[in-house]
Amino acid sequence: MKDIIEKLDLRRDNAKLGGGKARIEAQHKRGKLTARERIELLLDKGSFEEFDMFVEHRSNEFGMEKQKIPGDGVVTGWGTVNGRTVFLFSKDFTVFGGSLSEAHAQKIIKVQDMALKARAPIIGLFDAGGARIQEGVAALGGYGEVFKRNVISSGVIPQISVIMGPCAGGDVYSPAMTDFIFMVRDTSYMFVTGPDVVKTVTNEVVTAEELGGASVHTTKSSVADGAFENDVECLLQMRRLIDFLPASFDAGVPQWPTLDDPDRIDNSLDTLIPDNPNKPYDMKELILKVVDEGDFFEISPSFAKNIVTGFGRVAGRSVGFVANQPMVLAGVLDSDASRKAARFVRFCDAFNIPIVTFVDVPGFLPGTAQEYGGLIKHGAKLLFAYSQATVPLVTVITRKAFGGAYDVMASKHVGGDLNYAWPTAQIAVMGAKGAVEIIFRGGDADTIAARTKEYEERFLSPFVAAERGYIDDVIMPHSTRKRIARALAMLRTKKVEMPPKKHDNLPL
Ligand code: HXC
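Residues numbered from 1 in each chain as written. Predicted model: local features only at pLDDT ≥ 70, side-chain atom pairs only at ≥ 80, totals over all residues.

(A) Molecular detail of the sheet that holds strand E3 (residues 84–91). Judged by pairing direction, the sheet is mixed, and its 7 strands sit side by side in the order E1-E2-E3-E4-E5-E7-E9 without closing on themselves. Across the chains shown, the open sheet's two edge strands, defined by having one partner strand only, are strand E1 (49–51) and strand E9 (226–228). Here the strands of the sheet are splayed against their neighbours by 25° on average, with no regard to which way each runs. For strand E7 (residues 180–184) and E9, the ladder comprises 3 bridges, and the chain directions are parallel. Looking at E9, one finds that Met183 is bridged to Ala227. Along the sheet, helix H10 (residues 231–244) contacts strand E2 (74–81), E3, strand E4 (122–126), strand E5 (159–163), E7 and E9; its crossing angle with E7, the most-contacted strand, is approximately 155°. (Pairing = 2+ DSSP bridges. Helix = DSSP H or I, 4+ residues; strand = E, 2+ residues; numbered from the N terminus. Axes fitted to C-alpha atoms, helices over the stretch in contact; angles between N-to-C directions. Contact = placed C-beta atoms within 7 Å.)

If you want it as structure tokens, here you go:
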């Protein structure tokens, strides 16, 4: 028995070495952790249960029959994050560059299927060069199976992709179909094809960082939802994110203990809005003062900063926040902001996370750049997302709610359950000056000034909307957290039936 146990230990130790000491050292020299070190950091200590440690590829091409490494470039299994089950696969770059063979794909498929069956989130840690070139179509077929499962699981269990090295081909397309992508700065890249292929095909000379580094994907392409300084920070932040997420669409949001009183009053909010309506203020201050213990996990903080999206908690339960940000472009809705918020709203709705919307929006951004870029379709995505959401929707208008953007931002008309306004709210078709210049075109300066004042007094307040019941109440800014907490508690049992259909036709 002793011999047998020793042999097992030996096989395990051998498998744990992956591509060998030299490649592990090279991995460390690049500032990256190994696949197993990453798992240790992501999961609760000692909770990892590994599957398929001894799986090997079955390829005999290009001398591959002589290069068999147990595990075949991916470590798979499950464990817990703060006691809650998660499934994961972690690509091992030290083994054939983490590339995907048929056997490697089978390992990923197994955890995907298991995660779906067990209704628990799945996290992929990517550090890999795409399809195993020596395997050809067997690898492509493997990716297809992985992609299909990404889609089947979409909206059932949360799927998170963490990009922790150079990733190409299928190792970017699978993440692209998951709910969130996060990257590590300076060591991770995402591209369909790398700089060498780019040079050959288009003659364009570009570095990996310029083509698909974290800064490109978090600020320009919006492919990634966030980036972190190194592997350790990234994995610790993933633990934080998982704490906000339900295990599945019907599991309900997690409830964490909190010492933060839901009825907490914050008097500083009474002076958040500047006297001058054109002066910006930081909407994140409001979010941080409303959520439990100031704990807010922002999604896509570096892209379309004119809208803020992210997770917080109220009374210990997760809430998705969507908020116009007056500090950037006056909080206007443009194509990027609409797309960013629409995707976030749809995630929250799919997983039954209530949404709180803070509104201060001067309208949609005018101009050819926006129109040529499809603002109508992108704006419609957000309108569509809110209109189809059946989760509790609580909206607070802090200042401007102008034009179509008023309708879009979770207004009563598209499904807002409780719509509040601060006394500083201005709900109108447009700002006073613009409105008067249209109605009294050609009027002299005195007329314009007098009429502008009249328009301001009549329309730039929350009361016209409140008179019609479009606003349920005009609330004191200092009581915002309390009112939201009470609203969310009341809405916990909300039930809305939509007419049966195959699926909707979101404007893509
Ligand atoms: C087999 C691979 C591999 C691959 C890397 N390796 N990619 N082996 N198949 N796809 C191996 C290398 O031979 C090397 O082995 C080791 O991994 C490390 O690779 P390096 O090139 O030395 O590392 P680095 O310089 O950091 O470059 C990483 C890389 C690059 C950017 C990922 O390796 C690369 O461009 N690989 C090919 C990417 C690609 O085109 N993949 C196919 C995409 S098509 P040794 O033994 O030297 O350590 C695809 C199909 C699905 O994925 C499409 C779905 C839509």
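(B) Inspection of the pairing of E3 at higher detail. With respect to burial, E3 is a largely interior element, 6 of its 8 residues being buried. Examined bridge by bridge, E2 and E3 share 8 bridges and lie antiparallel to one another. The partner of Gly77 across the bridge, within E3, is Leu88. A loop of 2 residues connects E2 with E3, the two strands running antiparallel in sequence, and Asn82 in this loop sits at a positive phi of about 45°. Direction of pairing for E3 relative to E4: parallel, over a ladder of 4 bridges. For Phe89, the partnering residue across the bridge sits in E4 and is Gly124. With helix H4 (residues 102–118) bridging E3 and the parallel E4, this β-α-β connection has right-handed handedness. (Buried ≥ 20, exposed ≤ 12 C-beta atoms within 10 Å, placed from the backbone. Right-handed = clockwise from strand over helix to strand, strands pointing away.)

(C) Structural view of the nonpolar core. Among the nonpolar cores identified, the biggest contains 126 residues, and Leu88, Val162, Ile163, Phe182, Met238, Val345 and Ala401 are the most heavily contacted of them. With 7 residues, helix H12 (residues 335–350) is the largest single contributor of residues to this core. Contact partners of Ala401, with chain neighbours within four places excluded, come to Val359, Val361, Tyr406, Met409, Ala425 and Ile427. (Core = buried A, V, L, I, M, F, W, Y, C linked by C-beta atoms within 7 Å.)

(D) Just the pairing of E7, in detail. Counting buried positions along E7 gives 5 out of 5 residues, so the element sits mostly inside the fold. In E7, alternate side chains face the same way, and those of Phe180, Phe182 and Val184 on one face and Ile181 and Met183 on the other are all buried. Pairing between E5 and E7: 4 bridges, direction parallel. Bridging across to E7, Ser161 finds its partner in Ile181.

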